[in-house]
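Listed below, chain by chain, are the residues.
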Amino acid sequence: MTAPPSGIGHLPLPRWAYVPGQSKEAAADYETLAQIAALVPARFQGYVPARHPALRYGMALNDHGYFWESQEILEAVWAAAPQGGRERILLRACILITTANLRLRMQKPHVAARLFGEALGGLEALGMRNVGGDGFADSFPVAALAGLIKTKLEQPQFAKADCVAFAAAGRT
C-alpha cells in the first residue's frame, strides 16, 4: 500500500491513478475511494468544515496526480454541502480544476482550457460573496487560486505539466 500524502493522516492513496480510456487497470480503485466516501455525511449542517478528512483527502489526491479520484471524492463532498452555500461554489470550481487536470493528462488541452475558464468564473463569483466563517470557502485562498488559473489561461497552449495544484495557491 502506498503511504498517504501529508495532511491526510492514515488514509491510503489509491493503488493507481485511473485515466478513462488509458488506464491499464480494468477500473478505478473503487475500494479505496469507498473508504473515504464513507466519511462524508449525508448532509453537512451550515457549511463544509475546512478540515474535514474527505475534503482534505480529495484536495490532496489532486495535488498528487490522482485527478479522477479527486473528482470522485470532491463530488461526494459537494453533494453533501448545503444548497446555495459558498462551499458548493468553491467545490464545483475545484471539481472543474481536477477535471481539467485529468483532460490535460488525456492530452485534451482545449477541453482543459474551457474547464479552467469555468472554474475561474466560479472563483470570481465566490470572491464577491466573501462573508467569513469556519467553512472551507472561508479558509481557502480563493484569490490566489484564481490568480494561478488566470496565469495558466494566458499561456498560448497547455501541456500535461500545466496541471493546477491546490497547494500552489497557498493551501497547507
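Scroll up a little and you will see the structure.
Reading the values: the criteria
- Residues numbered from 1 in each chain as written.
- Predicted model: local features only at pLDDT ≥ 70, side-chain atom pairs only at ≥ 80, totals over all residues.
- Heavy atoms only, no water.
- Axes fitted to C-alpha atoms, helices over the stretch in contact; angles between N-to-C directions.
- Helix = DSSP H or I, 4+ residues; strand = E, 2+ residues; numbered from the N terminus.
- Parallel < 35°, antiparallel > 145°, perpendicular 65-115°, else oblique.
- Left-handed = near helix turned anticlockwise from the far one by under 90°.
- Contact = heavy atoms within 4.5 Å.
- Nonpolar A, V, L, I, M, F, W, Y, C, P; charged D, E, K, R; others polar.
- Phe/Tyr/Trp six-rings, centres within 6.5 Å; stacked < 30°, edge-to-face > 60°.
- Buried < 20%, exposed > 50% of the residue type's maximum accessible area, 1.4 Å probe, protein only.
- Lys NZ or Arg CZ within 6 Å of the ring centre and 35° of its normal.

1. Points about the packing of helix α4 (residues 86-105) against helix α5 (residues 109-127)
- The geometry of α4 relative to α5 is characterised by a closest axis approach of 8 Å and an angle of 165 degrees between their N-to-C directions. Judged by the angle between their axes, α4 and α5 are roughly antiparallel. As for how α4 packs across α5, the hand of that crossing is left-handed. Where α4 approaches α5, its residues Arg-86, Ile-89, Leu-90, Arg-92, Ala-93, Leu-96, Ile-97, Thr-99, Ala-100, Asn-101, Arg-103 and Leu-104 are matched on the opposing element by Pro-109, Val-111, Ala-112, Leu-115, Phe-116, Glu-118, Ala-119, Gly-122, Leu-123 and Leu-126.
- When the residues that make up the contact of α4 with α5 are grouped by side-chain class, the tally is 15 nonpolar, three polar and four charged.

2. Here's the deal with the packing of aromatic side chains
- Under the criterion given, the structure shown has five aromatic pairs.
- Centroid distance Tyr-30 to Trp-68: 5.8 Å. Interplanar angle 85 degrees. Geometry classified as edge-to-face. Taken together, the residues Tyr-30 in helix α1 (residues 30-37) and Trp-68 in helix α3 (residues 67-80) connect sequence positions 38 residues apart.
- For Tyr-30, a relative accessible area of 48% gives the class partly exposed.
- By relative accessible area, which is 11% here, Trp-68 ends up buried.
- Members of the aromatic cluster, connected to one another through ring pairs, are Tyr-18, Tyr-30 and Trp-68.
- Residue placement shows Arg-88 over the ring face of Trp-78; its charged tip is 3.8 Å from the ring centre.

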